[in-house]
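Okay, here's what each chain looks like letter by letter:
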Amino acid sequence: MKMLLSAAIVGALLSTSALAASAAKPAAAHSDAIVGDAAAGSAKAAACVACHGPNGVSANPLWPNLAGQGAAYTASQLAAFKSGARKDAVMAGMAAGLSEQDMADLGAHFAKQPARIGSANPDMITEGQAIYRSGDNDNSISACAACHGPAGKGVASAGFPQIAGQHAVYVTAQLKAYRSAERGNAKDPKQLMMQNVAKNLTDAQIDAVSSYIEGLN
Ligand code: HEC
Ligand code: HEC
């Protein structure tokens, strides 16, 4: 019954037969040995194109670019949407039918796509760059560069996401969600890192650093 139900949901949500076929298999036991296959991920990503764009660069600034993102981070976020540890109604539905293998494959696929190059609002560069590079000591805000790297490429092996070129509108929304602890599971150690960074950011600082991040490359 459970199988039938989940197969029906998956069938309704996902358009690619590749995804439906792999999701109908019993879930693989958790294993760190799952290796993503970018070619398989490319076929599975057909279900993502409508919002995230043909190569992981989205047209709507509320929908994040996935191109060039670290594979492990992408997979971890898909798992978090599926479990509810990260809250988003749309992505919860998209991730519901994905197996761990699907998540690893999708991560490997998007990691290979060229990252988007964006631009910053020139009026905000000075303030945004200061926060990005040095943080705000008086208000216990850590430098973003310490974890996301001087050029915003992240540290894929540590699960620190690439943020360079990301839409400022999306970045602003995420920083506010961390600040209010509404992105999801307040006990997740990675989310906690960002909650601690974001909790003292003002709206003006968020606007400036988000714009700066969109222009980083
Ligand atoms: C109907 C539109 C839509 C579709 C289709 C969709 N997504 Fe998303 N996706 C979103 C939105 C909106 C968000 C931002 C959620 C939030 O604000 O937390 C998102 C966020 C994500 C994130 C988090 C990115 C980050 O930087 O943290 C990942 C990963 C992701 N989607 C992967 C996928 C994959 C893989 C597929 C296809 C299987 C897919 N999405 C299909 C709309 C969509
Ligand atoms: C101590 C390390 C650390 C510092 C410092 C840090 N970050 Fe992060 N950041 C992370 C980690 C880890 C994540 C992933 C958290 C998760 O899983 O939700 C993240 C996630 C993010 C995201 C969400 C990315 C996405 O695609 O959804 C944004 C935006 C972000 N950080 C911006 C910033 C900004 C702006 C600063 C500086 C004000 C900053 N970070 C400082 C570690 C850090």
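Peer 1: Break down the packing of helix 10 (residues 168–179) against helix 11 (residues 189–198) for me, citing the residues and quoting the values.
Peer 2: Where helix 10 meets helix 11, the closest approach of the two axes is 8 Å, and the angle between their N-to-C directions is 95°. Of the possible angle classes, the one that applies to helix 10 and helix 11 is roughly perpendicular. Contacts from Leu 175, Tyr 178 and Arg 179 in helix 10 reach Met 194, Gln 195 and Ala 198 in helix 11. Per-class residue counts for the contact of helix 10 with helix 11 are 4 nonpolar, 1 polar and 1 charged.

Peer 1: Talk me through the site of ligand 2; I want residue IDs and the actual numbers.
Peer 2: Neighbouring ligand 2 are 22 residues; Ser 142, Cys 144, Cys 147, Lys 190 and Val 197 lie closest to it. Those elements that place two or more of their residues in the shell around ligand 2 are helix 9 (145–148), helix 10 and helix 11. Among the elements that line the shell around ligand 2, the one with the most residues is helix 11, at 5 residues.

Peer 1: Go over the site of ligand 1 with me, naming the residues and quoting the values.
Peer 2: Around ligand 1 there are 19 residues in total, and Cys 48, Cys 51, Pro 64, Asp 88 and Met 94 lie nearest to it. Among the secondary structure elements, those contributing two or more residues to the shell around ligand 1 are helix 4 (49–52), helix 5 (71–83) and helix 6 (89–95). Here the residues of the shell around ligand 1 are counted per class, giving 15 nonpolar, 3 polar and 1 charged.

Peer 1: Describe unusual backbone geometry, naming the residues involved and giving the relevant values.
Peer 2: Unlike most non-glycine residues, Ser 140 shows phi in positive territory, near 55°. Take Ser 140: it is sitting in the loop between helix 8 (125–134) and helix 9. Overall, the presence of 11 C-beta atoms within 10 Å leaves Ser 140 in the exposed class. Notably, Ala 181 is not glycine yet its phi reads approximately 60°, a positive angle. With respect to the helices and strands, the residue Ala 181 is situated in the loop between helix 10 and helix 11.

Peer 1: How would you sum up the nonpolar core? Please name residues and give values.
Peer 2: Residues Leu 78, Val 209 and Ile 213 are the most contacted members of the largest nonpolar core, which totals 41 residues. For this core, the elements supplying multiple residues, two or more each, are helix 5, helix 7 (100–111), helix 8, helix 10, helix 11 and helix 12 (203–215). When residues in this core are grouped by element, the largest group, 6 residues, is from helix 7. Composition of this core by domain shows at least three residues from each of domain 1 (2–25 + 37–111) and domain 2 (122–215). Those residues in contact with Ile 213 that sit more than four places away from it in its chain are Gly 152, Ile 163, Ala 164, Gln 166, Ala 168 and Val 171.

What counts, and where the lines are drawn
Residues numbered from 1 in each chain as written. Chains lettered and ligands numbered in written order. Predicted model: local features only at pLDDT ≥ 70, side-chain atom pairs only at ≥ 80, totals over all residues. Axes fitted to C-alpha atoms, helices over the stretch in contact; angles between N-to-C directions. Helix = DSSP H or I, 4+ residues; strand = E, 2+ residues; numbered from the N terminus. Parallel < 35°, antiparallel > 145°, perpendicular 65-115°, else oblique. Contact = placed C-beta atoms within 7 Å. Nonpolar A, V, L, I, M, F, W, Y, C, P; charged D, E, K, R; others polar. Near = placed C-beta within 6 Å. Buried ≥ 20, exposed ≤ 12 C-beta atoms within 10 Å, placed from the backbone. Core = buried A, V, L, I, M, F, W, Y, C linked by C-beta atoms within 7 Å. Domains from an automatic or database assignment.

Interpretation in functional terms is not warranted from these geometric data alone.
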